[in-house]
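# Architecture at a glance
Each chain is listed here by its residues.
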Amino acid sequence: MALSSPGIGSNLDVNSIVTQLMTAESRPLTLLARKEAGYQARISAFGSLNSALGAFQDKVSSLSTTTRFNAVTAKAADDTIVKGTASSKAVAGTYSVDVTALAQAQSLSTAGQASTTGAIGDGGKTTLTFSFGTISGGKLENGKYVSDPSASQPDPAFAQDPDRGSGSVTIDSSNNSLQGIRDAINKANIGVTATIVSDGSANPYHLVLTSSKTGEKSSMSVAVSRDGSAPNDPANPAHTALADLLTYKAASGGTQNMTQNSAGQDAQMTVNGIAVRGATNTVREAIQGVTLDVQKIGTTNVTVARDKATVESNVSALVKAYNELDKTIKSLSSYNATTKVGGPLLGESSVRSIQEQVRKTLTGGAGVGGALSSLSQAGVSFEKDGTLSLDSAKLNKAMTDNFDDLAALFASTGSASDSLVSFVGSGNKTQAGTSSLVIDRMATRGSATGSAAPASLAITAGVNDKLELTINGVKGSVTLAAGSYTQDSLVTQIQSAINGTAAFSSMSIGVSVSADPSGKLSVTSSRYGAGSTVAISGNGAQNLFGSASIEGTAGLDVAGKINGIAATGSGQRLTGASGDAEGLSFEITGGSTGDRGTVTFSNGYASLLSRVVSGFVGTDGMVTRQTDGLKETIKDIGKSREAMQLKLAGIEKRYRAQFSALDTMISKMNTTSQFLSQQLTQISNLTSQS
């Protein structure tokens, strides 16, 4: 390996000379680095601005719903009796509430047993079927329902709730004890809780069954049936032991082998003298827009009033959100006279444009009609330093005089002249104004109708008790309880069985079942629109519906026009597809086709601000475009740097070659000089000697 040490032969410091020359040659690189650092600082500043705009948009978007400015309170004079909460639909006023009964669940208990673990019966496979419904008529004596000739309905009767399915539990030799039955019921999760209670007597242990829901419709009926593979001998006590212990049906001719300890009961009250009932102790809409949580029996007044404190808090939140954004913009784009340092976005036209557009939106008008059309009317105004301030006294006056108009001033609101048309929402392109509404087709629900008239009223296990259904695209299997039915009870049994099937209930799918005067059955989905369908098959389809397989009629979406332009229908929802009403949605819940009046939409300040900011942030926003432009400039600087570095490498190579050659030449000249000096010295010495 060759070693090189420039300057050794000539005392010329080549490395130092080349380094100094290259420092001068490299000054353009330093300038590029400074430019790049400046652009990077601006990118970082735009990132901070984007974050501030995003935070501002989040805050104003949360204020764009009417519920934030239509806040209402419901306060009871005695909240140990009832507690109230109100929605924006509540009407201000004072209401007298007299609670006469609390909702409770039905509870049944068995006859006492000597042991919790002893076998009950012979262990033959037995099915307990729990149904839920309403007990009416007759009277209650010693925990049993009996006939009462003096009553308007002399005999007790049990009517199954058509909206709640039955549940079954299997008992066999593995669990035919009080403990086993208790655990099997609890594990089945069918709406019944089982416990064991001891009364301290000779046969102390009672199985207690309690409905998991309160209300009159949650009373229980318990049927006990042995499996066909376990022959039943009614004369054999071991065969009938479970039925003797657990059968319960509070109806004329029904067997009540258990005792009712507490009846299924609705919460009962009067509101301004009008009787109101509820299946739970949470009673909704007894007062419009108000939910009452019943605590105990008693009388109190509930006052519904406008929640001015919450409204002021929301207006303050808008003011604070703007001031935080304004502070960020100023710190990024203004000049500090004290430090004599400008922000990284000083002089940036896009930042000035953002600031101007936000301020213009705040000082412009909003809403459609109403007594309030500007923020200043609600006490919000600009200060000399460019910040927003809130005059609480002025806002209070606006709330007192025009509370209903505040929501339209700040939030997006919609209304319809037709009471069966309700506002759902709007889109970013929806323009404020009033539009005509014409309905060409009402939404319908999918259904399947049988051809058998009348349908078979006898259900036999394993013969015609299975229905395979596809409802709204979801498949489920339903088993009907065996027995002889009336037309009404068969309709109830089918509806409750379908609605209680987990495959459907878990997806919030429900149906209604009906029979026409001839007895022909129909199953109708609770959903509206093209996705609403019902198809039926299974071993029960032939007997009950007249065909082994029925493909029903699918539902239809609503169809109509908003402002004369065809809108998009989905179920009962109609949404503007283009024009000023694009994105405007209304729910058509009833009525008929034809002219349905007008729909009105207004954009409040919170909604307008959110839309304006949408043009600044996001993938196509102004800030993103500016940032992308700066990144491209930095890429160009990188390319220029690479080219310059290649050029400088060539220059340095040339300098080193030149100075190395000079070094060699000087070294040779030094050698020649030394030789000549030696020769001259010798000549001089010879002359002196001569």
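Everything numeric in this text was worked out from a predicted model, so none of it was measured. (Residues numbered from 1 in each chain as written. Predicted model: local features only at pLDDT ≥ 70, side-chain atom pairs only at ≥ 80, totals over all residues. Heavy atoms only, no water.)

## Observations concerning the overall build of the protein chain
Of regular secondary structure, the protein chain possesses 12 helices and 40 strands. The C-alpha atoms of the protein chain give 43 Å as radius of gyration, which overshoots the globular expectation for 690 residues (26 Å, by more than 25%). Once the C-alpha set of the protein chain is aligned to its principal axes, its extents read approximately 170 × 70 × 60 Å. Sorting the 690 residues of the protein chain into buried and exposed places 39% on the buried side. Summarising the internal contacts of the protein chain: among those between residues at least 6 apart in sequence, 71% fall at separations of at least 24. (Helix = DSSP H or I, 4+ residues; strand = E, 2+ residues; numbered from the N terminus. Rg over C-alpha atoms; globule rule 2.2 N^0.38 Å. Buried < 20%, exposed > 50% of the residue type's maximum accessible area, 1.4 Å probe, protein only. Contact = heavy atoms within 4.5 Å.)

## Digging into the sheet that holds strand 2 (residues 82–86)
Through backbone hydrogen bonds, the strands of a sheet pair up, either in parallel or in antiparallel fashion. Taken together, the 3 strands give an open sheet; going across it, the order is 2-17-16, and neighbouring strands pair in antiparallel fashion. Whereas interior strands pair on both sides, the edge strands pair on one side only; in this sheet they are strand 2 and strand 16 (282–287). Within this sheet the neighbouring strands show an average axis-to-axis angle of 30 degrees, counted without direction. Here strand 16 pairs with strand 17 (residues 290–294) via 4 bridges, running antiparallel. (Pairing = 2+ DSSP bridges. Axes fitted to C-alpha atoms, helices over the stretch in contact; angles between N-to-C directions.)

## A look at the packing of aromatic side chains
Considering all chains together, one arrives at 4 aromatic pairs under this definition. Their ring planes at 85 degrees and their centres at 5.6 Å tell us that Tyr 322 and Phe 382 sit as a pair that is edge-to-face. Taken together, the positions of Tyr 322 in helix 5 (residues 308–333) and Phe 382 in strand 21 (residues 380–382) put the pair 60 residues apart, joining distant regions of the chain. Note on Tyr 322: relative accessible area 3%, which makes it buried. (Phe/Tyr/Trp six-rings, centres within 6.5 Å; stacked < 30°, edge-to-face > 60°.)

## A word on the packing of helix 5 against helix 6 (residues 349–363)
Following both chains from N to C, one finds helix 5 and helix 6 inclined at 155 degrees, their axes separated by 11 Å at the closest point. Relative to helix 6, helix 5 is oriented roughly antiparallel. The chirality of how helix 5 crosses helix 6 is left-handed. Contacts between helix 5 and helix 6 pair Tyr 322, Asp 326, Ile 329, Lys 330 and Ser 333 from the former with Val 351, Ile 354, Gln 355, Val 358, Arg 359 and Leu 362 from the latter. Residues that form the contact of helix 5 with helix 6 fall into these classes: 6 nonpolar, 2 polar and 3 charged. (Parallel < 35°, antiparallel > 145°, perpendicular 65-115°, else oblique. Left-handed = near helix turned anticlockwise from the far one by under 90°. Nonpolar A, V, L, I, M, F, W, Y, C, P; charged D, E, K, R; others polar.)

## Thoughts on unusual backbone geometry
In the Ramachandran plot, Asn 272 falls in the positive-phi region, its phi being about 50 degrees despite a non-glycine side chain. Relative to the elements of secondary structure, Asn 272 occurs in the loop between strand 14 (267–271) and strand 15 (274–278). Here Glu 285, not a glycine, exhibits a phi torsion of approximately 65 degrees, which is positive. With respect to the secondary-structure elements, Glu 285 resides in strand 16.

## A few points about the confidence of the model for the protein chain
On average, residues of the protein chain score 89 in pLDDT, and 96% of them are at 70 or above. Here residues 1–5 is modelled with pLDDT under 50, and outside its nearest four sequence neighbours on either side it reaches 0 contacts, counting other chains as well. (pLDDT = per-residue confidence, 0-100.)

## Structural notes on the nonpolar core
Counting 49 residues, the largest nonpolar core has Leu 49, Leu 53, Leu 406 and Phe 410 as its most contacted members. Elements represented by at least two residues in this core include exactly helix 2 (27–62), helix 5, helix 6, helix 7 (392–410), helix 11 (605–614) and helix 12 (622–689). At 9 residues, the largest contribution of residues to this core is made by helix 5. Once residues within four sequence positions are removed from consideration, Phe 410 is found in contact with Leu 63, Phe 69, Val 315, Leu 318, Leu 375, Ala 378, Gly 604, Tyr 605, Ala 606 and Ser 607. Listed in part, the 30 residues of the second largest apolar core include Ala 194, Leu 209, Val 222 and Leu 242. (Core = buried A, V, L, I, M, F, W, Y, C linked by side-chain atoms within 4.5 Å.)

## Re the pattern of salt bridges
Summed over all chains, the structure comprises 15 salt bridges. Notably, a salt bridge pairs Arg 226 with Asp 122, separated by 3.0 Å at the nearest N-O pair. Placement of the pair is Arg 226 in strand 12 (residues 219–226) and Asp 122 in the loop between strand 4 (107–109) and strand 5 (126–136), with a sequence separation of 104 residues. When its relative accessible area of 37% is taken as the criterion, Asp 122 is described as partly exposed. (Salt bridge = Lys/Arg side-chain N within 4 Å of Asp/Glu carboxyl O.)

## Comments concerning the environment of Gly 638
Here Gly 638 is to be found in helix 12. According to the relative accessible area criterion, Gly 638 is buried, its value standing at 17%. Along the primary structure Gly 638 and Ser 107 are separated by 531 residues, whereas in three dimensions their C-alpha atoms are 81 Å apart.

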